[in-house]
Amino acid sequence: MPVVRRPFSGTQIVYQLMSADLKTDPIVQMEKIVSLCKRRGFIYQSSEIYGGIGGFWDYGPLGAELKRNLREAWWRTMTREREDVVGLDATIIMHPNIWKASGHVDTFSDPMADCLLTQKRFRADHVDLQSGMVFKFTGATGDEGSKSDVPFAVLVQPGKPRESALKVAKQFYELRAVKNPVPTGGETGEKVENTRAYNPENGAQLTEPRPFNLMFRTYVGPTATDADMAYLRPETAQAIFAQFKNVFDSSRVKVPFGICQIGKAFRNEVTPKNFTFRSREFEQMELEFFIKPDEAVEIISGEVAQWSEGADLTEPQPNWGWQLWHRYWVDQRTKFYQSIGLGDVLEYYWQTPDDLAHYARACVDILCQFPFGTEELEGIAARGDFDLSQHMKHSTKTQEVFDEDLKNAAAKLTPEQKEALIQKRLAAEASKAKGEPTPEADVRAWFERLFKGSYVPHVIEPSAGLDRLALAVIAKAFSETEKVDEKGKKEVITVLRLHPRIAPIKAGVFPLLKNKPELVAKAREVYALLKKHMNCFYDETASIGRRYARQDEAGTPFGITVDFETLGEKGPELQDTVTVRERDSNEQHRIKISELLGWLQARL
């Protein structure tokens, strides 16, 4: 909805709204956001003075503050406001066997294809679908007896001649030392549709897709041999699983409870893209919330509550199984995004059985509308006991917990009731859509441990990217309006409508005039009062309207002006008050300096 602003009054520049927020092409919109991020110190290209390095970004003064505010908002919501979640700060480099146990060493890969002409690398499943005529060459002959028998193919767009393919083929064979090459074969083209086998930039053939492991390798110790090889972590979750027992034993927590972590992760993405959305170095915010297996819940509570539309997710209940816990965390994460101003740009994708990993019971992607499309912001997965069981298997260290209530409840079951639980689980195993059913002997051994009060907890995993979130709030907040001043001059005004809770600068403090020492002194006094409690910015250069505009572009929600009323020149009733102007509504308030801090804090 367009925001209609009240005109300024008094000594301020008068603006009149000429149109609603300007609509623009998504690509142009993204270019403007990238430009704003650099111009105002949110995000810079890493190593820019040396030409940059793809997939790496640095956060400037405002960007660092924005990320800090988002990080603290997430942490406070996940830990300080809850009694059932504790924190962890684990190392980036861990024992390489952790990544072997988790499957990252063997399966954490993207399909990769290289252009045979330019050697540019593509993620094969991200190559644009193309249709056209493919010309296949068997080799080439050239001057001085030079030749090549390497086959090569080129796709040309519909309507373009064979000469387009010949031009690309000649470049290919020139690289293979054929002088003035004459490609052989390829006299006629073959029509193809919806293929990803050719470089969309030049039509050159791509190599067959092959797996490309995304983990960055490094070495621990001086010899740099395979025995010293380690990895930069591609996610923060595995550290939580590896430290699960230490946290459980040292923190006096009981299942259900969660462990959360914020930290750097690294993925050697084949094609980082869309500004900071897909980077090679990024920050994750992850929670692993550990719950009882449904069978334990049923033994203790007599039933497992079933999900239905309209179910009350306000307070967790003892009879909740994995399904309600999963829905609960989807609801909790949605409320968090609403609290920072993203509620109206969210969508959801519930993964189908074909999408899910073999061990996952459900996963929902919380999607966000970016200028370049609707993309994933956070995934919330019900992962069963896969992760802890894998680490228990590979480390030979138990990850089981003991539950006295479960042991006592199981002792009251009859043999028939116990067998009924076992048969129910066996039927579920037999109907698995993915993965091999657990053998009956293993199922019975698992229940034997369960009836004694021991089990490996299951987990619900909300996993979000801090860098994606920062980009999401900037993109959502970006706004342009066309205005005309009192002299009829048109100007496009950029405003970053960041939620006050996450804005890098909470308030700008301005003396009305910089050449009035009394105004400057009082403004400095107000600035000193506030800066101990929130990030503020003092500015005394240019007109007051221009200063407001600069802070609007930086996302600052409140502008505080010390004027002649503050000094008591227009009556004692206004003395020691300031004008507070709200960014989004342009409303102005006269607030006593003694009440200013409380007034602002109530709105942050």
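Residues numbered from 1 in each chain as written. Predicted model: local features only at pLDDT ≥ 70, side-chain atom pairs only at ≥ 80, totals over all residues. Heavy atoms only, no water.

Draft legend 1. The arrangement of the packing of helix α8 (residues 294-301) against helix α13 (residues 440-451) in detail. The interhelical angle for the contact between α8 and α13, taken along N-to-C directions, is 40°, at an axis separation of 11 Å. The angle between the axes of α8 and α13 places the two elements in the oblique class. With respect to the hand of their crossing, α8 and α13 are arranged in right-handed fashion. Contacts between α8 and α13 involve Glu-295, Ala-296 and Ile-299 from the first element and Trp-446, Phe-447, Leu-450 and Phe-451 from the second. When the residues that make up the contact of α8 with α13 are grouped by side-chain class, the tally is six nonpolar, no polar and one charged. (Axes fitted to C-alpha atoms, helices over the stretch in contact; angles between N-to-C directions. Helix = DSSP H or I, 4+ residues; strand = E, 2+ residues; numbered from the N terminus. Parallel < 35°, antiparallel > 145°, perpendicular 65-115°, else oblique. Left-handed = near helix turned anticlockwise from the far one by under 90°. Contact = heavy atoms within 4.5 Å. Nonpolar A, V, L, I, M, F, W, Y, C, P; charged D, E, K, R; others polar.)

Draft legend 2. Up close: the pattern of salt bridges. A full pass over the atoms with the stated rule returns 44 salt bridges. Linking Lys-67 and Asp-467 is a salt bridge whose minimum nitrogen-to-oxygen distance equals 3.2 Å. Within this pair, whereas Lys-67 is found in helix α2 (residues 61-80), its partner Asp-467 is found in helix α14 (residues 466-477), the two being separated by 400 residues in sequence. Residue class for Lys-67 comes out buried when judged on its relative accessible area of 5%. Residue Asp-467 is classed as buried on the basis of its relative accessible area of 6%. (Salt bridge = Lys/Arg side-chain N within 4 Å of Asp/Glu carboxyl O. Buried < 20%, exposed > 50% of the residue type's maximum accessible area, 1.4 Å probe, protein only.)

Draft legend 3. Empty space enclosed by the protein, seen in detail. Summed over the entire model, instances satisfying the criterion amount to two cavities of 30 Å³ or more. Estimated volume of the second largest cavity: approximately 30 Å³. Together, Ile-291, Trp-322, Arg-361, Ala-382, Arg-383, Gly-384, His-458, Val-459 and Ile-460 line the second largest cavity. Where the lining of the second largest cavity is concerned, the elements lending two or more residues are β19 (373-384) and β22 (458-465). (1 Å grid on protein atoms, 1.4 Å probe; cavity = no way out; pocket = protein on both sides within 12 Å on 5 of 7 lines; lining within 4 Å. Points joined across faces, edges and corners; volume = space filled by probe spheres on them.)

Draft legend 4. Highlighting helix α1 (residues 26-39). Taking 1.5 Å per residue as the helical rise, α1 with its 14 residues ought to reach 20 Å, and the 20 Å between its terminal C-alpha atoms agrees with that figure. What α1 keeps buried is the set Gln-29, Met-30, Ile-33, Leu-36 and Cys-37. Down the axis, α1 shows its buried residues gathered within 120° of arc, on one side only. For α1, the exposed residues set more than 90 degrees away from the buried face come down to Ile-27 and Glu-31. Check the buried side of α1 and you find it contacts β2 (43-45), α14, β23 (478-485), β24 (490-496) and α16 (544-554). Between the side-chain oxygen of the N-cap and the backbone nitrogen of Ile-27 there are 2.9 Å, and the N-cap of α1 in question is Asp-25. Gly-41 lies just past α1 and shows a positive phi near 80°. (Expected span 1.5 Å × (residues − 1). Arc of directions from axis to C-beta. Polar contact = N/O pair within 3.5 Å; in protein donor to acceptor, adjacent residues only side chain to side chain.)

Draft legend 5. Quick look at the packing of aromatic side chains. In total, this model carries 27 aromatic pairs according to the counting rule given. When the ring of Phe-241 is compared with that of Phe-290, the centres are 6.3 Å apart and the planes differ by 80°; the resulting orientation is edge-to-face. Of this pair, Phe-241 sits in helix α6 (residues 237-242) while Phe-290 sits in strand β16 (residues 281-291), and the two are 49 residues apart along the sequence. Ring-pair connections join several aromatic residues into one group, and the members of that group are Phe-241, Phe-244, Phe-248, Phe-257 and Phe-290. Sitting over the ring of Phe-172, Arg-176 keeps its end group 3.6 Å from the ring centre. (Phe/Tyr/Trp six-rings, centres within 6.5 Å; stacked < 30°, edge-to-face > 60°. Lys NZ or Arg CZ within 6 Å of the ring centre and 35° of its normal.)

Draft legend 6. Inspection of the sheet that holds strand β15 (residues 257-266) at higher detail. One open sheet accounts for seven strands, arranged β4-β15-β16-β22-β19-β18-β17; its pairing is mixed. Only two strands of the sheet have a single neighbouring strand rather than two, namely β4 (85-87) and β17 (346-350). Mean inter-strand twist for the sheet, computed between neighbouring axes without regard to direction, equals 25°. (Pairing = 2+ DSSP bridges.)

Draft legend 7. Just the state of the cysteines, in detail. On inspection of all chains with the given rule, the structure shows zero disulfides. Free of any disulfide, Cys-37 has its nearest cysteine sulfur in Cys-368, 14 Å distant. Of all cysteine sulfurs in the structure, the one in Cys-363 sits closest to Cys-260, which takes part in no disulfide; the separation is 19 Å. Residue class for Cys-260 comes out buried when judged on its relative accessible area of 0%. (Disulfide = S-S within 2.5 Å.)

Draft legend 8. Summary view of helix α11 (residues 404-411). Burial in α11 covers these residues: Leu-406, Ala-409 and Ala-410. Down the axis of α11, the buried side of the element spans an arc of 100°, and every buried residue falls inside it. As for α11, its buried residues are in contact with α8, α12 (415-430), α13 and β21 (454-455). Sitting at the head of α11, Asp-403 places a side-chain oxygen 3.0 Å from the backbone nitrogen of Asp-405.

Draft legend 9. Region of interest: the packing of α2 against α14. The contact between α2 and α14 brings their axes to 10 Å, and the two run at 110°. By the angle between their directions, the pair α2 and α14 is classed as roughly perpendicular. In the packing of α2 onto α14, the handedness of the crossing is right-handed. Two secondary-structure elements touch here, α2 through Leu-66, Lys-67, Leu-70 and Arg-71 and α14 through Leu-466, Asp-467, Leu-469, Ala-470, Val-473 and Ile-474. Split into classes, the residues belonging to the contact of α2 with α14 amount to seven nonpolar, no polar and three charged.

Draft legend 10. Up close: the environment of Tyr-337. Note that Tyr-337 resides in helix α9 (residues 322-339). Look at Tyr-337 and you get buried, because its relative accessible area is 0%. Spatially, the C-alpha atom of Tyr-337 lies 9.3 Å from that of Leu-469, the residues being 132 residues apart in sequence.

Draft legend 11. Spotlight on unusual backbone geometry. Between Val-255 and the following residue, Pro-256, the backbone shows a cis peptide bond with an omega angle of 5°. Tracing the backbone through its elements, the reader meets Pro-256 in the loop between α7 (244-250) and β15. Positioned with a positive phi, Thr-396 is a non-glycine residue whose angle comes to about 60°.

Draft legend 12. Quick look at the sheet that holds strand β5 (residues 109-114). If you walk across this open sheet you meet the three strands as β6-β5-β12, and the pairing is antiparallel. In the strand order of this sheet, the two ends are held by β6 (121-123) and β12 (210-213), each with one partner. Sheet twist, expressed as the average angle between the axes of neighbouring strands with direction ignored, equals 50°. Taken together, the three bridges between β5 and β6 define a ladder with antiparallel strand orientation. Note on β6: the bridge partner recorded for Met-112 is Arg-123.

Draft legend 13. The arrangement of the side chain of Thr-79 in detail. Among the structural elements, Thr-79 can be located in helix α2. The exposure class of Thr-79 is buried, given its relative accessible area of 11%. A polar side-chain atom of Thr-79 sits 2.6 Å from the main-chain carbonyl oxygen of Trp-75. Leaving out residues up to four positions away in the same chain, Thr-79 has contacts with Val-85, Val-86 and Cys-260.

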